[in-house]
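Here are the chains, one letter per residue:
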Amino acid sequence: MQSLVAAGLGVGLLPSATEALPGVEVIGLREPEVLMRWYAVTRRGTARWAPLALVVDRLAASSA
């Protein structure tokens, strides 16, 4: 996405921790407040699979 922005083909929203590529200017948003939402979509019965459960648990802990 940043390559498209640098080429003058649009704008985008990036997480604040993202480092900008040359030619991209990062401008912090103040209004309206920006909230990040995430969803984990799994096939039936796979939510308890250890690697997937670890990722979901870490995401949930970081958003608390």
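Everything discussed here concerns the structure shown above.
Description of the structure in this document. (Residues numbered from 1 in each chain as written. Predicted model: local features only at pLDDT ≥ 70, side-chain atom pairs only at ≥ 80, totals over all residues. Heavy atoms only, no water.)

### Thoughts on the overall build of the protein
Then comes step 1: Counting its secondary structure elements, the protein contains two helices and zero strands.
Then comes step 2: On C-alpha atoms alone, the protein measures out to a radius of gyration of 17 Å, which is more than a quarter above the 11 Å that the 2.2 N^0.38 rule sets for 64 residues.
Then comes step 3: Viewed in the frame of its principal axes, the protein has a C-alpha envelope of about 45 × 25 × 15 Å.
Then comes step 4: As presented, the protein carries roughly 6300 Å² of accessible surface, and 59% of it is formed by carbon and sulfur atoms.
Then comes step 5: Positive and negative charge centroids in the protein, built from 6 and 5 side chains respectively, lie 19 Å apart. (Helix = DSSP H or I, 4+ residues; strand = E, 2+ residues; numbered from the N terminus. Rg over C-alpha atoms; globule rule 2.2 N^0.38 Å. Areas by Shrake-Rupley, 256 points an atom, 1.4 Å probe, with all protein chains shown as cover. Lys, Arg positive; Asp, Glu negative; His and termini not counted. Charge placed at Lys NZ, Arg CZ, Asp CG, Glu CD.)

### Notes on the environment of Gly45
Then comes step 1: With respect to the element layout, Gly45 can be found in the loop between helix H1 (2-6) and helix H2 (50-63).
Then comes step 2: A sequence separation of 14 residues divides Gly45 from Leu59, and the C-alpha atoms of the two residues are 20 Å apart.

### A short note on the environment of Thr46
Then comes step 1: Positionally, Thr46 belongs in the loop between H1 and H2.
Then comes step 2: Through-space distance from the C-alpha of Thr46 to that of Gln2 is 34 Å; in sequence the pair is 44 residues apart.

### Some details on a nonpolar patch on the surface
Then comes step 1: On the surface, Met1, Leu14 and Val26 cluster together into a nonpolar patch covering about 280 Å² of accessible area.
Then comes step 2: Examined against the element boundaries, Met1 turns out to sit in the segment before H1. (Patch = residues over 30% accessible without salt bridge, like charges linked within 9 Å, V, L, I, M, F, W, Y side chains within 5 Å. Salt bridge = Lys/Arg side-chain N within 4 Å of Asp/Glu carboxyl O.)

### Things to note about the side chain of Gln2
Then comes step 1: Looking at the secondary structure, you find Gln2 in helix H1.
Then comes step 2: When its relative accessible area of 13% is taken as the criterion, Gln2 is described as buried.
Then comes step 3: When residues no more than four places from it in sequence are discounted, the contact partners of Gln2 are Leu14, Thr18, Glu19, Ala20, Leu21 and Val24. (Buried < 20%, exposed > 50% of the residue type's maximum accessible area, 1.4 Å probe, protein only. Contact = heavy atoms within 4.5 Å.)

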